[in-house]
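Reading the structure
Listed below are the residues making up each chain.
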Amino acid sequence: METDSSNFSRFKKDASFDYLYPQHIKELSPMHWTPVDVAKKAAYFLAVPHARVLDIGSGVGKFCITAGAHFPKTQFIGVEQRKALCKYAEMAKNEMKLDNVSFIYGNLTDLDYNDYDHFYFYNAFYENIEPGSRIDYAVRTSFELYERYSRFVYAMLDAKKPGTRLVTYHARETQVPASYALVDNSYSKVLKMWIKK
Ligand SMILES: C[S@@+](CC[C@H](N)C(=O)[O-])C[C@H]1O[C@@H](n2cnc3c(N)ncnc32)[C@H](O)[C@@H]1O
């Protein structure tokens, strides 16, 4: 757990956490960033000591920062395709002084997945099929990209070794390979925890 009690109070309410960001980022929070209670529950499941957990599409870093502050023995890494969001994530991480959290600016298709043990996935591709849920116009969206990214993540997860942990939030069950067993289903069945068989 964190040593700085002023940091700890950040994780009591979403509004306190979102205060780390400028106004236009705060306004995106209810629809696009993981609520702190959900992030804590997901992190508890994923935080195997000395493991490396990847947030697939990390936005402004809300999941990784919440998780990293509560579980200092685990590394939390985010990959994010929007440079501006990645910059806000870095700023928030520095403000919280977390050395077990890092962010990669880039496309998730360019990573070496041998580097990661467990995964968090908050339906990162939805804006490709629902234009009303667009974060901004910094990247191209399309049905084709939704299919391509979903297929990529599915194949990557399917290739991981037994025991790999996965948390999905607002994702479709068809995005998770049948090789993963559902072990927990909460928050009106939108937060799911899986372990590879
Ligand atoms: C719903 S937000 C979730 C943010 C963060 N995981 C959280 O829970 O607070 C999904 C993020 O995934 C990013 N994303 C979508 N497709 C991506 C891709 N192909 N590569 C990297 N990031 C991607 C989006 O830019 C967006 O910031």
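For every chain, the first residue of the written sequence is number 1, and numbering continues from 1 along that sequence. Since the coordinates come from a predicted model, pLDDT governs what is reported: local features require at least 70, and pairs of side-chain atoms require 80 or more to be given and counted, while whole-chain, interface and lining totals use all residues. Hydrogens are left out, water is left out, and the side-chain values use all remaining heavy atoms of the structure.

1. As for the site of the ligand
By convention in these notes, a residue is near a molecule or strand provided one of its non-hydrogen atoms lies within 4 Å of it. The immediate surroundings of the ligand are formed by 22 residues, with Thr-34, Asp-55, Gly-57, Glu-80 and Arg-82 found nearest. Coverage of the ligand by the protein amounts to 98% of the 600 Å² it exposes when considered alone. Secondary structure elements with two or more residues in the shell around the ligand: strand E2 (75–80) and strand E4 (118–122). Per-residue accessibility takes into account occlusion by the displayed protein chains alone, with areas from the Shrake-Rupley method and a 1.4 Å probe. In this text, helices come from DSSP runs of H or I with a minimum length of four residues, and strands from runs of E with a minimum of two, each type numbered from the N-terminal end.

2. Things to note about the UniProt feature "domain: Methyltransferase" (unreviewed entry) in the protein
The sites that carry the UniProt feature "domain: Methyltransferase" (unreviewed entry) are, in the present numbering, residues 50–118. With 33% helix and 25% strand, the stretch residues 50–118 has end C-alpha atoms that lie 11 Å from each other. UniProt positions are given in the numbering used here, feature names are shortened, and annotations may be inferred rather than shown by experiment.

3. Concerning the state of the cysteines
What counts as a disulfide here is a pair of cysteine sulfur atoms lying within 2.5 Å. For the coordinates displayed, the defined rule picks out zero disulfides. Distance from the sulfur of Cys-64, which forms no disulfide, to the nearest cysteine sulfur (Cys-86) is 10.0 Å. Think of it in three bands: residues with accessible area under 20% of the maximum for their type are buried, residues over 50% are exposed, and the middle band is partly exposed, with areas taken using a 1.4 Å probe on protein chains only. Relative accessible area serves as the criterion here: at 6%, Cys-86 is assigned to the buried category.

4. Comments concerning the packing of aromatic side chains
To pair, rings of Phe, Tyr and Trp, with the six-membered ring standing in for Trp, must have centres within 6.5 Å; the planes then decide the type, stacked if under 30 degrees apart, edge-to-face if over 60, and tilted in the middle. Counted under the stated rule, the structure contains 11 aromatic pairs. Relative to Tyr-120, the ring of Phe-63 has its centre 4.0 Å away and its plane inclined at 15°; by these criteria the two rings are stacked. Here Phe-63 is found in helix H6 (residues 62–70), whereas its partner Tyr-120 is found in strand E4, with 57 residues between them in sequence. Just as Phe-63 is buried, Tyr-120 falls in that class too. Note on Tyr-122 and Tyr-169: the rings are 4.8 Å apart at their centroids and 65° apart in plane angle, and the pair reads as edge-to-face. Of this pair, Tyr-122 sits in strand E4 while Tyr-169 sits in strand E5 (residues 165–169), and the two are 47 residues apart along the sequence. The pair formed by Tyr-122 and Tyr-169 is uniform in burial state, with each residue classed as buried. Feature note: the residues Tyr-113, Tyr-116, Phe-119 and Phe-152 constitute an aromatic cluster, connected by ring pairs.

5. Brief notes about helix H7 (residues 83–96)
How far a helix is expected to stretch is found by multiplying one less than its residue total by 1.5 Å. Compared with the 20 Å implied by 1.5 Å per residue over 14 residues, the 20 Å span of H7 between its first and last C-alpha is a close match. The set of residues buried in H7 consists of Leu-85, Cys-86, Tyr-88, Ala-89, Ala-92, Lys-93 and Met-96. Seen end-on, H7 carries its buried residues on one side only, within an arc spanning 160°. Lys-97, located one to two residues past H7, shows a positive phi value of around 55°. This arc describes the spread of directions from the helix axis toward the C-beta atoms.

6. Thoughts on the pairing of E5
In terms of burial, E5 is a largely internal element, four of the five residues being buried. Only strands that DSSP links by at least two bridges are regarded as paired with each other. Pairing geometry for E4 and E5, over four bridges, is parallel. Bridging across to E5, Tyr-122 finds its partner in Tyr-169. By the criterion used throughout, a crossover qualifies as right-handed when its path from the first strand across the helix to the second strand runs clockwise, the strands pointing away from the viewer. The parallel pair E4 and E5, bridged by helix H8 (residues 143–159), forms a crossover whose chirality is right-handed. Taken together, the five bridges between E5 and strand E7 (residues 191–196) define a ladder with antiparallel strand orientation. Counterpart to Tyr-169 in the pairing with E7 is Leu-191.

7. Concerning the side chain of His-118
Considering the arrangement of structural elements, one finds His-118 in strand E4. Definition of a polar contact: a pair of N or O atoms within 3.5 Å, with one able to donate and the other able to accept a hydrogen when the atoms are protein atoms, and with sequence-neighbouring residues admitted only if both atoms are side-chain atoms. Here the side chain of His-118 touches Arg-165 through a polar contact of 2.8 Å, landing on its backbone nitrogen. Those residues in contact with His-118 that lie beyond four places of it in its chain are Leu-46, Val-48, Ala-51, Arg-52, Val-53, Leu-54, Gly-163, Thr-164 and Arg-165. Throughout, a contact is declared for two residues whenever any of their heavy atoms are within 4.5 Å.

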